[in-house]
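# Summary of structural features
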Amino acid sequence: MWLVLLAGCGLSGRAWEACECDVAGHGARPDDGVCRCLALTGGEPDPDGAIELFVTPDGTGDGSRENPWGRIDWDVVDALLAAGPVVVRFGEGRYDDRIDVLRTVGGEHRLVLDGAADGRDRRASVPGVHTGFEDVSRDRVTIRGFDVTGSRDKGIYFRAGDDLVIEDNIVHGNRGSPSINVDYTSRSGLPSSSIVIRDNHVYDQVGECVYIGGAEGTGVPSHARVEVVGNLIHDCRGIGFDTKHDALNLKDGLGDVRVERNVLFNADWGLEIGSAGVYRHNLVFGTVREGIMLNDGFAAFSDVRIEDSAVLDAGRYGLRATPERGMDDVRIERLTVIGAHDAAVAIAGDASVSLVDVVLIGPTAFFGWGAPEVSVEGCAADGANEGPFDATCTAPPAAAVGDPAGPDGLFFTEDDPWLVTGGATLP
């Protein structure tokens, strides 16, 4: 027996807005007025011995605490970075101009731009954080604590940057797409190493929400050491028949990818995977098409691990691996799919996929075509198999998924109703 109540009770497909949480984290609520929260995973402290500078919306001074700037003086910041780390703290209020990140000094010292100098509930509100489109790598930069809204072109954009950290920002209501974007290496010629996107709340975006560009199938080096962890991403909208409004999109050739503990919903595809890596403890619900989409449109890939994740109420398939170029060594462990409209799992063509301990609740368990290499080691399902599959599954537990955050309103806690026996586990 299975039952999915997301759409009927307004939790899927209807726009959610930001709300305040009782825990340190980010919250969103639909029109039922109840706040659901994702707790922070925890950021990095400011670098030891950093020089502090200050900015306020009406500042006219020298950047000191007593006489803050109105905007960053990059000549001063670059001179200080040559000697040590720098933290620029932005006071609460609305700023007229976007922050253009123009660090030119290389070296080992980190620059932190902190938009929550007055507290996480009193953020600096800016119309974008942007490096510009010059082929320059802006290295060792942390963007933290801002309310980024009203940008004319993307919320937070980096052309390139080694040791980049984007954490604990609220990014919403921006024009252009994507909302948070690190550009393709094929366009900049600048592969970056160590990109961390952590603990952000991204929503209300026409187009893509979070997007890490790759090599566009050119074979040039792509970004390496990519981490996307603990983000609440939702309400990524298309216009008309447009399908370019995914929640989290990781393109081709990325190295050492880790995607973990994200909540993704109200988008076209929830999680688009175009590179090898480990994708675990992610919750996806209320997508127009696939919850998790393995996409080799730019390049074939191998060595993908999808673990302890759940997809609820997908408009088409819960998880799809139907390659154009080839997918090899895809291993899926402890996946729960409930209420996918077409099928829980779709696999076809030149794909090599193994599934271990999956729970597939809905009218169709497996669907596919062609002759993919598929192995199934432990499954519980109540739907039919359509296509080239020979999987004998046990009966699944009953599941009534009405609220993905459970009665306590917190994602990834023990009362989450999608935590059915035999499937996904908690972080």
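Structure shown above.
The paragraphs below set out a description of the structure included in this document. (Residues numbered from 1 in each chain as written. Predicted model: local features only at pLDDT ≥ 70, side-chain atom pairs only at ≥ 80, totals over all residues. Heavy atoms only, no water.)

### A short note on the packing of aromatic side chains
Scanning all chains against the criterion turns up 11 aromatic pairs. Their ring planes at 70° and their centres at 5.7 Å tell us that Phe90 and Tyr95 sit as a pair that is edge-to-face. One exposure class covers both Phe90 and Tyr95, and it is buried. By way of ring pairs, the aromatic residues Trp16, Phe265 and Phe285 are connected into one cluster. (Phe/Tyr/Trp six-rings, centres within 6.5 Å; stacked < 30°, edge-to-face > 60°. Buried < 20%, exposed > 50% of the residue type's maximum accessible area, 1.4 Å probe, protein only.)

### Notes on the sheet that holds strand β2 (residues 17-19)
Hydrogen bonding along the main chain pairs the strands of a sheet, whether they run parallel or antiparallel. Read across the open sheet, the three strands follow the order β2-β3-β4; overall the sheet is antiparallel. Of all strands in the sheet, those bounded by a partner on one side alone are β2 and β4 (36-39). Shown here is a sheet whose adjacent strand axes are inclined to one another by a mean of 35°, direction ignored. Taken together, the three bridges between β2 and strand β3 (residues 25-29) define a ladder with antiparallel strand orientation. In the sheet register, Glu17 faces β3, and the bridge partner there is Arg29. (Pairing = 2+ DSSP bridges. Helix = DSSP H or I, 4+ residues; strand = E, 2+ residues; numbered from the N terminus. Axes fitted to C-alpha atoms, helices over the stretch in contact; angles between N-to-C directions.)

### Remarks on the environment of Leu80
Residue placement: Leu80 occurs in helix α1 (residues 74-81). On a C-alpha basis, the gap between Leu80 and Ala300 in space is 45 Å, while along the polypeptide they are 220 residues apart. Here Leu80 is in contact with Ile51, Leu53 and Val86, once residues within four sequence places are set aside. (Contact = heavy atoms within 4.5 Å.)

### Focus: the sheet that holds strand β14 (residues 156-158)
Taking strand neighbours across the sheet as the criterion, the 12 strands line up as β8-β11-β14-β17-β20-β23-β26-β29-β31-β33-β35-β37 in an open arrangement whose pairing is parallel. The sheet is open, and its two borders are formed by β8 (99-100) and β37 (384-386), each paired with just one other strand. By the bridge criterion, four bridges tie strand β31 (residues 317-321) to strand β33 (residues 343-348) in an arrangement that is parallel. When the sheet's bridge partners are listed, Tyr317 is paired in β33 with Ala343.

### Notes on the pattern of salt bridges
The tally for this structure, following the rule as stated, stands at 39 salt bridges. In this structure, Asp32 engages Arg36 in a salt bridge whose closest nitrogen and oxygen atoms are separated by 2.9 Å. Where salt bridges share partners, they join Glu44, Asp46, Glu52, Arg65, Arg89, Asp114, Arg144, Glu167 and Arg198 into one cluster. (Salt bridge = Lys/Arg side-chain N within 4 Å of Asp/Glu carboxyl O.)

### Examining the state of the cysteines
Taken as a whole and assessed by the stated rule, the structure comprises four disulfides. With its sulfur 2.2 Å from that of its partner, Cys21 forms a disulfide with Cys37. On the sign convention where negative means left-handed, the S-S torsion of about -105° between Cys21 and Cys37 marks this disulfide as left-handed. With a gap of 16 residues between them, Cys21 in the loop between β2 and β3 and Cys37 in strand β4 connect regions that are remote in the sequence. Across the disulfide from Cys379 sits Cys393; the S-S distance is 1.9 Å. Every disulfide takes its handedness from the sign of the S-S torsion; for Cys379 and Cys393 that torsion is -100°, giving left-handed. You can see Cys379 sitting in strand β36 (residues 373-381) and its partner Cys393 sitting in the loop between β37 and β38 (399-401), a full 14 residues away along the chain. Along the chain, the cysteines engaged in disulfide bonds are linked according to the scheme 1-3, 2-4, 5-6, 7-8 when indexed in sequence order. (Disulfide = S-S within 2.5 Å.)

### Description of unusual backbone geometry
The residue after Ser177, namely Pro178, is reached through a cis peptide bond having omega 5°. With respect to the secondary-structure elements, Pro178 resides in the loop between β16 (170-172) and β17 (180-182). In this model, Arg140 sits at a positive phi of 50°, which is unusual for a non-glycine residue. When you line up the elements, Arg140 lands in the loop between β11 (129-130) and β12 (141-144). The phi torsion at Asp204 lies on the positive side, around 55°, for a residue other than glycine.

### Details of the nonpolar core
In globular proteins that are soluble, nonpolar side chains generally tend to be buried together. Residues Ile72, Val88, Leu250, Ile292 and Leu294 are the most contacted members of the largest nonpolar core, which totals 80 residues. Residue contacts for Ile292: discarding those within four places in its chain leaves Leu271, Ile273, Val284, Ile306, Val311, Gly318, Leu319, Arg320 and Leu335. Within the second largest apolar cluster, 22 residues are counted, among which are Leu283, Ile338, Phe412 and Ala424. (Core = buried A, V, L, I, M, F, W, Y, C linked by side-chain atoms within 4.5 Å.)

### Thoughts on the pairing of strand β19 (residues 201-206)
As judged from the three bridges shared by β16 and β19, these two strands associate in the parallel manner. Note on β19: the bridge partner recorded for His172 is Tyr203.

### Here we look at the environment of Arg98
Tracing the backbone shows Arg98 in the loop between β7 (93-94) and β8. Each C-alpha atom of the pair Arg98 and Thr392 lies 56 Å from the other, and the pair is 294 residues apart in sequence. When neighbours within four sequence positions are excluded, Arg98 is seen to be in contact with Pro127, Gly128 and His130. At 2.5 Å, the side chain of Arg98 and the side chain of Asp100 are in polar contact. (Polar contact = N/O pair within 3.5 Å; in protein donor to acceptor, adjacent residues only side chain to side chain.)

### Comments concerning the pairing of strand β15 (residues 164-167)
Of the two faces of β15, the one lined by Leu164 and Ile166 and the one lined by Val165 and Glu167 are each fully buried. Note: β12 against β15, three bridges, orientation parallel. Each residue of the ladder has a partner; that of Thr142, found in β15, is Val165. Two strands pair when backbone bridges link them, and β15 and strand β18 (residues 193-198) are joined in this way by four bridges, in the parallel orientation. What sits directly across from Val165, in β18, is Val196.

### Structural notes on the environment of Ala247
By the element assignment, Ala247 lies in the loop between β22 (232-237) and β23 (248-250). Given a relative accessible area of 0%, Ala247 falls into the buried group. For Ala247, the contacting residues outside a window of four places in its chain are Cys209, Val210, Ile233, Cys236, Leu264, Ala267, Trp269 and Gly270.

So yeah, pure geometry; function would need other evidence.
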